[in-house]
Protein chains: 2
Amino acid sequence: MNKIATAEILCVGTELLLGDIVNTNAAFLSQRLADLGICVYRHTAVGDNPKRLEAALKCALDSADLVITSGGLGPTYDDLTKETVAACFGLPLEEHAQSLERIKSYFSRTGRTMTENNKKQAMMPRTAHVFDNNYGTAPALAIYDEKKDKTVIMLPGPPNELIPLFNEEVTPYLKKRTDCILVSKNIHFFGIGESALEEKIKSIMTESQNPTVAPYCKEGEVRLRVTAKAQNESQAVKMCDAMIEKIVGHEVGEFIYGIDVDSLEHALVNALHEHSLSICTAESCTGGLIAERITAVAGCSDVFFGGCVTYTNEIKQRLLGVSAETLDTYGAVSAETAMEMARGAREKLGTDIAVSATGIAGPSGGTPETPVGTVFIGVSTQNGESFRKLSLSSMRSRDYIRTVSATNAFDIALKAVSRLTKN
Amino acid sequence: MNKIATAEILCVGTELLLGDIVNTNAAFLSQRLADLGICVYRHTAVGDNPKRLEAALKCALDSADLVITSGGLGPTYDDLTKETVAACFGLPLEEHAQSLERIKSYFSRTGRTMTENNKKQAMMPRTAHVFDNNYGTAPALAIYDEKKDKTVIMLPGPPNELIPLFNEEVTPYLKKRTDCILVSKNIHFFGIGESALEEKIKSIMTESQNPTVAPYCKEGEVRLRVTAKAQNESQAVKMCDAMIEKIVGHEVGEFIYGIDVDSLEHALVNALHEHSLSICTAESCTGGLIAERITAVAGCSDVFFGGCVTYTNEIKQRLLGVSAETLDTYGAVSAETAMEMARGAREKLGTDIAVSATGIAGPSGGTPETPVGTVFIGVSTQNGESFRKLSLSSMRSRDYIRTVSATNAFDIALKAVSRLTKN
């Protein structure tokens, strides 16, 4: 058997083409194959249609060493993946005694009645390597064609079967058939756009072949993924770390908030933990999103005490003690209000840090002076208050404006942590 | 131009093949194309590699009338979708004055500096139909080749651009090019599971061919999608409405919270508006999610005043006036605390209704008496307090437990609205 270097993923199921389900299997399999150093060239999804499945399979086998299919292994008449793959390799289907036993015992264990069509699931292509599936009745199997040097692995579609099967059965099978390892690490940036970042480190990105450096952006953030290919893990890690050191030392390094962290709020919760500091929130336009994202981080309860969502002027006064004068003079969407909200929350909840957000998330509510997308982020510590003004495009969605506002609140809070701990 | 009957979806981006992001665009586009009566044959995802993109494009054009691409339209050197498609159709790229203006004004509006590589985004294939993209700098365009009778529509990859662009620009473009109409309406259920619902209305679902009736479930909710195919819209609408009337009149009708509403929180905000009632929130384990989801509904500010996130016992007492005795006697995760939280919030914020949530979202913090997944939802009105106890599986994720808790809070609040308005 030759080593497997490249793969394609072929997902079978009309429900995918109707958009009834999102193809999370393709993403899962891709991640795992990348970890194994196998390069994925293409994802394809086709319906429960043997002709189009056959065409897609042949097309995938043309370019890749390995094709992994998901779906189409159920007991019903339109489940045809196994039959189609077997025909493609000229292999007859034969009853597989062990599989029949397994299916029978599965039914007796779960107290259900085995139907005649479940027996179809125990028919296997001759020479197939059959994986144990303890998670359902569908088979999981591999076919290796020595002459063509091609491998097809067939897995059931439901993620609650596919994921454990891949981890427990397929990974050991594939590990014997790969000859290098890939390691990826992520550098997380905030405060610099994708194009600006790329312009500044273009030479690093284009010159570096191994490790590779590739940018990904999501609402207001950029991530650089550093991926090294090597004979063993420690060598690959070393190569990644050297590249990360280079980028951290570059002028763009000031925008890095973490290496391999899940998000800015995770970085914030980690920093608060590390320095035994506490935080609370005071929110208007973000409506609870800042608190929600902090509390989505498991284990936040040591550092997050609570927060107030103050959607009206009256509630800003009542819960946070914002003065009527400030609201009258500067308006609810102002630096002054943002800072008073943060101060009020910090005093009321007794935390080291408080962050606040007040602005116009839209789609209505904007004025010429304060258009939709204007948001003030406030922060309060024992050393006083400060703010950041965001002027996001008024064409952005309410969701985007709220999300980016919350992300800015985490950034401003993270900087407050580092100021407090430097003093 | 001939009518479009079949389509393929071609997503471009190495991040898809690495499994860094899940391909939600393919599912979204498939749903929308189904609504337009266009049959989707295949999804393909390839990396930022012009050769493989070209091969996939040619393969898709072989079988379908329409190919929709997503991704690869950014400003960077590896964004090559437009260039590859144009080459495939033999069309030169030319500067598109209107697009250049649009991009310039986008940058000036958002106060950012336009870099040289953003100009690349204003280069368009000759004869292209350019869609307005008010959501970002990437172009969105269609190419129609009369001789081959093939159409390619190119959309940017980020869902926050692709989704509104498709709905606002591409849908009207495609509607002119299909010859029947599909109309779908959704019936939203809460409080009944998918299998229970299916069992009760199985005969309706299997007997009905046009309109079709199909169930979809998401965290704690079920939706029935009724889809009718007809020559014109009014006929299709009439067919849907007749089916909806039948299901509303069925015994499962009591679990329906709305027809074609975006979510339970939308239904709640609508009901509050309709009856001029106000609401506030008091949250522990949901950490702001209830407030966040209410305030995600544009126009909620007339009915939502604010809320408190009280993550510690001390803050529950300080902000909401929960008594130390209640916390000592029953614990923070109890019906009594949930109801006191709701009452405290309602009194403090002066609303007609208050909802609360306190529970164990996990993954840690559970005890044998109060395992992970135990959540109390409280509600307070002028007529007093009540609660609902959830016992979600401790195997569920923190995210799932919080989401289902918030959804239950909306359901309990909606029922409070109807009780208040019946009296």
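Criteria and thresholds
- Per-chain numbering applies: the sequence of each chain, read as written, is numbered from 1 onward.
- Throughout, the order in which chains and ligands are written sets their labels, letters from A for the former and numbers from 1 for the latter.
- Given that this is a predicted model, residues contribute local features only at a pLDDT of at least 70 and side-chain atom pairs are listed and counted only at 80 or more, while totals for whole chains, interfaces and linings are drawn from all residues.
- Only heavy atoms go into the side-chain values, all of them from the structure, while hydrogens and water stay out.
- Numbering of helices and strands runs from the N terminus; a helix is a DSSP stretch of H or I covering at least four residues, while a strand is a stretch of E covering at least two.
- We compute the radius of gyration from the C-alpha atoms alone; for a globule the expected value is 2.2 Å times N to the 0.38, where N is the number of residues.
- Note on exposure labels: buried denotes an accessible area under 20% of the residue type's maximum, exposed denotes more than 50%, and partly exposed covers the range between, all computed with a 1.4 Å probe on protein chains only.
- Accessible areas in this description were obtained via Shrake-Rupley with a 1.4 Å probe; residue shielding takes into account the shown protein chains only.
- pLDDT: the predictor's confidence for each residue, scored from 0 to 100.
- Here, the term nonpolar core denotes a set of buried Ala, Val, Leu, Ile, Met, Phe, Trp, Tyr and Cys residues that are joined through side-chain atoms within 4.5 Å.
- Contacts were defined at the residue level, with two residues in contact if any of their heavy atoms lie within 4.5 Å.
- Delimitation of the domains relies on an automatic or database domain assignment.
- To estimate how far a helix should reach, multiply one less than its number of residues by 1.5 Å.
- An arc is given here, and it is the one of the directions from the helix axis to the C-beta atoms.
- The criterion for a disulfide is a pair of cysteine sulfur atoms lying within 2.5 Å.

> Account for the overall build of chain A, with residues named and values stated.
Scanning chain A from N- to C-terminus turns up 15 helices and 17 strands. In terms of overall dimensions, chain A is more spread out than a globule: its C-alpha atoms have a radius of gyration of 28 Å, far above the 22 Å expected for 423 residues. Dimensions of chain A, computed from C-alpha atoms along their principal axes, come out at roughly 85 × 50 × 40 Å. Counting all 423 residues of chain A, 57% fall into the buried class. With an accessible surface of roughly 17400 Å², chain A has 49% of that area assigned to carbon and sulfur atoms.

> Report on the confidence of the model for chain A, specifying residues and quantitative values.
Across chain A, the average pLDDT comes to 93, with 100% of residues at 70 or higher. Across the whole predicted complex the pTM is 0.79, and at the interface the ipTM reaches 0.78.

> Just give me the short version of the nonpolar core, but keep the residues and values in it.
Counting 54 residues, the largest nonpolar core has L33 and L174 of chain A together with L33 of chain B as the members making the most contacts within it. Look past the residues within four positions of L33 of chain B in its chain and what remains in contact with it is A7, I9, I38, V40, L66, I68, F166 and L174 of chain B.

> Tell me about the domain arrangement of chain A, and please be specific about residues and values.
Domain boundaries assigned for chain A yield domain 1 (6-175), domain 2 (181-259) and domain 3 (264-421). The centre of domain 1 of chain A, based on its C-alpha atoms, is set 35 Å off from the matching centre of domain 2 of chain A.

> Outline unusual backbone geometry, listing residues and values.
Along the chain, N210 of chain A connects to P211 of chain A via a cis peptide bond; the corresponding omega equals 5°. Mapped onto the elements of the fold, P211 of chain A is located in the loop between α8 (202-207) and β10 (212-218). The phi torsion at T127 of chain B lies on the positive side, around 75°, for a residue other than glycine. In this structure, T127 of chain B sits in the loop between β5 (123-125) and β6 (129-131). On the basis of relative accessibility, which here comes to 59%, the residue T127 of chain B falls in the exposed class. Although it is not a glycine, D260 of chain B sits at a positive phi angle of roughly 55°. By the element assignment, D260 of chain B lies in the loop between β12 (256-259) and α10 (264-274). We classify D260 of chain B as partly exposed; its relative accessible area is 40%.

> How would you summarise helix α9 (residues 233-249) of chain A if you had to cite specific residues and measurements?
Residues and elements named next belong to chain A. For α9, built from 17 residues, the straight-helix expectation of 24 Å at 1.5 Å per residue is met to within 8% by its first-to-last C-alpha distance of 24 Å. Buried within α9 are the following residues: A236, C240, M243, I244 and I247. Buried residues along α9 cover an arc of 105° about the axis, so they all sit on one side. Along α9, exposed side chains directed more than 90 degrees from the buried face belong to S234, K238, E245, K246 and G249. In the core, the buried residues of α9 are packed alongside β9 (181-190), α8, β10, β11 (221-230) and β12 (256-259).

> Give a detailed account of the state of the cysteines, specifying residues and quantitative values.
Applying the stated criterion across every chain, the model contains zero disulfides over all chains. Unpaired in this structure, C59 of chain A has its nearest cysteine sulfur neighbour in C59 of chain B, at a distance of 4.6 Å. Assessed through its relative accessible area of 25%, C59 of chain A is described here as partly exposed. Here C88 of chain B is not disulfide-linked; the sulfur of C59 of chain B is the nearest cysteine sulfur, at 12 Å.

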